[in-house]
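# Structural features, examined
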Amino acid sequence: MNSLNSSQRKIIETINGPILVLAGAGSGKTRVITHRIVHMIQNIGISPSNILALTFTKKAAKEMKNRISDMMMNQTDFDQITLGTFHSIFSNILREESHWLGFKSNYTIYDHKDSENVIKQILQDLNLDRSLNYKEIKRKISEYKNNLYGLFYKKKLINQKVEESITKIYKFYTKRCFQANALDFDDILLHTNYLFFYFPNVLKKYQKKFKYILIDEYQDTNLSQNTVIKNLVSQHKNLFVVGDDAQSIYGFRGAHLSNILNFHLDYKNAKIFRLEQNYRSTNYIVQASNNIISFNKNQILKKIWTNNEEGEKIKIYCASSEEKEAQYIACSILSIKRKTNLQFENFAILYRAKIQSHIIEYSLKKKNIPYHIYGSISFENRKEIRDFLAYLRVIVNPDDEESLLRILKKRNQKTVKNILSLSKKKGITVYNIIQNIEDYKSLLRINNKTKNKFISLIFTIEKLRVNAEQDNAYVIAKNVINFLTKKNYYNYKNEDFQSILDYVFQYVKKQKELKNHGDTSLFGFLQCFYLEIHEDINHHKENKVSLMTIHLSKGLEFSIVFIAGLEENLFPSKSSLSTSFKIEEERRLFYVALTRAQKKAVLTYAKHRFIWGKKKENTPSRFIHEMNRNFIDIENHHKDILEKKKIHSLNHFHHVNHNKNYENSKYLKMKKGIKVFHKNFGLGIIVELQNQNQIALIKFQQSGEKRIFLKLDKLVIYS
DNA sequence: AAAGGGCGGCTTTTT
DNA sequence: GCCGCCCTTT
Ligand SMILES: Nc1ncnc2c1ncn2[C@@H]1O[C@H](COP(=O)(O)OP(=O)(O)OP(=O)(O)O)[C@@H](O)[C@H]1O
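Now for a description of the structure that goes with this document.

Definitions and cut-offs
Residues numbered from 1 in each chain as written. Chains lettered and ligands numbered in written order. Predicted model: local features only at pLDDT ≥ 70, side-chain atom pairs only at ≥ 80, totals over all residues. Heavy atoms only, no water. Helix = DSSP H or I, 4+ residues; strand = E, 2+ residues; numbered from the N terminus. Buried < 20%, exposed > 50% of the residue type's maximum accessible area, 1.4 Å probe, protein only. Areas by Shrake-Rupley, 256 points an atom, 1.4 Å probe, with all protein chains shown as cover. Core = buried A, V, L, I, M, F, W, Y, C linked by side-chain atoms within 4.5 Å. Domains from an automatic or database assignment. Contact = heavy atoms within 4.5 Å. Phe/Tyr/Trp six-rings, centres within 6.5 Å; stacked < 30°, edge-to-face > 60°. Lys NZ or Arg CZ within 6 Å of the ring centre and 35° of its normal.

## Structural notes on the overall build of chain A
Secondary structure assignment for chain A yields 30 helices and 23 strands. Across the 719 residues that make up chain A, the buried fraction comes to 55%. Per element, the accessible surface of chain A, about 33,800 Å² overall, is 50% carbon and sulfur.

Following this line, the structure appears as structure tokens:
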């Protein structure tokens with residue numbers, strides 16, 4: 001506990017009442033929240049079971065869990081703390097309390113794809129215009145739910161017609177999910193809201209249990225989440241939240257800064273603390289990120305400062321293609337590692353979009369650099385994995401129509417279509433129809449062979465289902481695999497198959513090791529699969545370079561951080577260019593990325609990038625232009641790396657940097673009164689430098705006064 | 001009824 | 001360049 005400064009200490013020692021810690025990057029928010037939990041348990045004597053600690057991402061939850069367990073050395077029953085993501089915690093509560101809301105506790109969690117499929121079907125059923133894009137509708141429904149439209153709030157209709165049809169689809173969607181006994185991610189919080197709103201006794205129970213609530217990254221709460229919390233703390237008001245408006249990056253999930261801005265209105269007598277000393281990064285990094293965030297109009301002003309060393313300037317590297325960008329990163333890692341005593345685990349490569357990971361992975365592999373990709377796309381989206389999970393899901397919940405249809409579609413598409421329409425006409429579940437397929441034989445116009453196929457399938461599932469009551473998840477999973485292998489539906493000797501089975505095995509093993517009551521049930525496994533972080537079983541993460549999206553990197557820190565793909569249309573993302581609101585969120589994302597670095601940040605971008613199989617030319621990101629030139633160092637030839645080894649691929653680095661004049665630091669000499677020559681405007685004289693020396697006000701002989709962005713490098717000193 | 005080719009949309013980010 | 005969907009072929 002002696003590793004806190006006086007303001008941090010004061011914060012952790014304030015136990016009761018509503019508290020907001022509004023603090024900058026690297027100022028010790030997570031440190032404060034974890035220390036506070038330990039302090040509450042060890043010094044104040046609060047029972048761990050009365051503490052609820054919430055995060056938004058699975059990764060942040062795991063990080064916090066690790067930090068607390070390290071600090072408590074496992075001495076107390078710290079696993080009694082309720083700690084996890086909003087979704088994971090409230091999904092557990094819903095499992096207990098589902099009966100109040102009229103659904104069954106064995107509910108299925110629909111992921112993104114499941115929801116989209118449901119929407120696609122609804123569009124088909126309603127014969128609606130295909131131009132209504134299902135992804136857009138999914139987003140809208142999500143928006144409705146996250147903002148609790150219909151529950152406590154009415155939505156202002158902007159485009160009446162569109163909104164009306166979406167409301168209609170929303171209704172059907174809700175009905176389908178209910179019939180399938182399924183919840184999507186947003187439902188987990190929405191239903192918790194229903195639960196607390198309509199059943200005050202249930203709310204009371206949880207108010208009593210969770211006497212102290214702590215939330216990390218509060219800037220990312222949406223209304224639905226915030227309302228759950230408001231209800232939970234309405235009696236005792238012991239709510240402790242930490243956040244940084246400059247790091248709000250989940251707007252697309254309905255996160256709203258108003259939660260942080262109105263904290264003092266929501267909670268009278270709220271204490272608000274600020275932390276502005278950065279303990280993480282070098283002064284160059286702190287200054288550069290302060291400068292970047294200053295381009296945002298919407299922000300709460302903070303003065304982040306540090307006592308740390310000056311450090312190195314932020315490196316910027318321009319590659320000719322994304323492949324060379326990746327090679328550069330790989331080479332740099334090796335070169336920095338050689339020169340310092342850093343380990344691979346001290347390096348991170350961050351990117352805007354997951355897709356960028358492939359090419360980087362490839363070049364790391366080539367150089368034998370160990371790496372770990374967090375949140376990799378492949379696993380849960382693999383066809384075989386989804387097929388397999390569909391069986392598990394139906395075994396747990398036969399009403400899960402998405403999964404059942406997925407299984408059936410592999411067999412007899414036409415009959416399945418008929419069954420589906422019959423199910424809708426008669427209002428009987430698909431599972432029920434197949435169970436009693438003998439009765440519907442004539443209606444469906446199927447022969448005995450087809451009929452028997454369905455009977456044998458349902459027979460198998462039923463058998464597995466009956467056993468599922470006693471068997472643990474692994475036993476069932478193995479049975480499913482045996483069945484599938486026997487039937488030869490898939491070539492299940494493949495790796496996907498082994499790895500998911502291994503995953504189930506690890507889950508069951510871990511549960512069995514728990515002191516109290518491990519949950520080895522299949523439901524428990526599925527809930528873990530959808531809501532908890534996927535532990536890499538066979539691969540250790542130790543001493544590996546970390547690859548992840550910037551979103552996932554929030555809350556983490558690394559000595560050396562590479563930020564790849566700083567190009568317009570990629571970062572900022574193409575879909576964010578339309579409004580300044582969205583651009584500001586992209587800028588905050590860039591701010592998050594920069595502030596992950598302790599010692600050194602390297603920004604890279606590629607002039608050309610393959611997108612949809614076509615080579616596209618991109619201009620450098622506006623964020624590169626926004627970097628204050630006093631804090632950056634543009635690298636072109638990379639002599640130090642090139643000279644070391646004669647690796648053939650290194651020859652690639654002989655290309656010319658997009659902007660040699662940076663290195664010549666010609667315009668570092670730009671001063672008031674100097675004569676300059678501009679590419680387009682000709683001869684002029686610098687009147688003054690503005691915006692931290694990034695813009696020069698120049699009086700041109702021909703075209704009068706103009707403000708010139710120095711980084712665009714259209715200027716030459718005229719002498 | 002299955003398999004395979006052509007075509008269009010897609011890649012923003014997470015639970 | 002890849003995936004899902006639809007249409008055609010066998
Ligand atoms: N008082 C302190 N003395 C020494 N080191 C500290 C102190 N407070 C925080 N740190 C260190 O500073 C770093 C950043 O802390 P932490 O991760 O808690 O910050 P944060 O505010 O959560 O950052 P961010 O919001 O950027 O994720 C950590 O390495 C932490 O150990």
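Right, picking up where we left off after that structure.
## Section: the nonpolar core
If you look at the biggest cluster of nonpolar residues, it comprises 91 residues, and the most contacted ones within it are I215 and F525. Looking at this core, the element that brings in the most residues is helix α17 (residues 383-396), giving nine residues. In this structure, this core is formed jointly by two domains, domain 1 (6-96 + 190-275) and domain 4 (379-533), each of which donates at least three residues. What F525 contacts, discounting residues up to four positions off in sequence, is L389, L392, A473, Y503, V504 and Y507.

## A short note on unusual backbone geometry
Of note, the amide linkage connecting F571 to P572 takes the cis form, showing an omega dihedral of 10°. With respect to the helices and strands, P572 occurs in the loop between β15 (558-564) and α27 (580-594). The residue N368 is not glycine, and still its phi comes out positive at about 60°. Accessibility expressed as a relative area gives 68% for N368, which makes it exposed.

## Overview of helix α25 (residues 522-531)
α25 sits mainly inside the fold: ten of its ten residues count as buried. L522, F523, G524, F525, L526, Q527, C528, F529, Y530 and L531 are the residues of α25 that are buried.

## Points about the packing of aromatic side chains
Under the defined criterion, the tally for this structure stands at 26 aromatic pairs. When the ring of F103 is compared with that of Y107, the centres are 5.7 Å apart and the planes differ by 80°; the resulting orientation is edge-to-face. With a centroid separation of 4.9 Å and 85° between ring planes, the pair formed by F197 and Y198 is classed as edge-to-face. Aromatic ring contacts, followed pair by pair, group Y503, Y507, F525, F529 and Y530 into a single cluster. Over the face of the ring belonging to Y134 we find K120, whose NZ or CZ atom lies 4.6 Å from the ring centre. Its guanidinium or amino end placed over the ring of Y250, R253 lies 5.0 Å from that ring's centre, counting from NZ or CZ.

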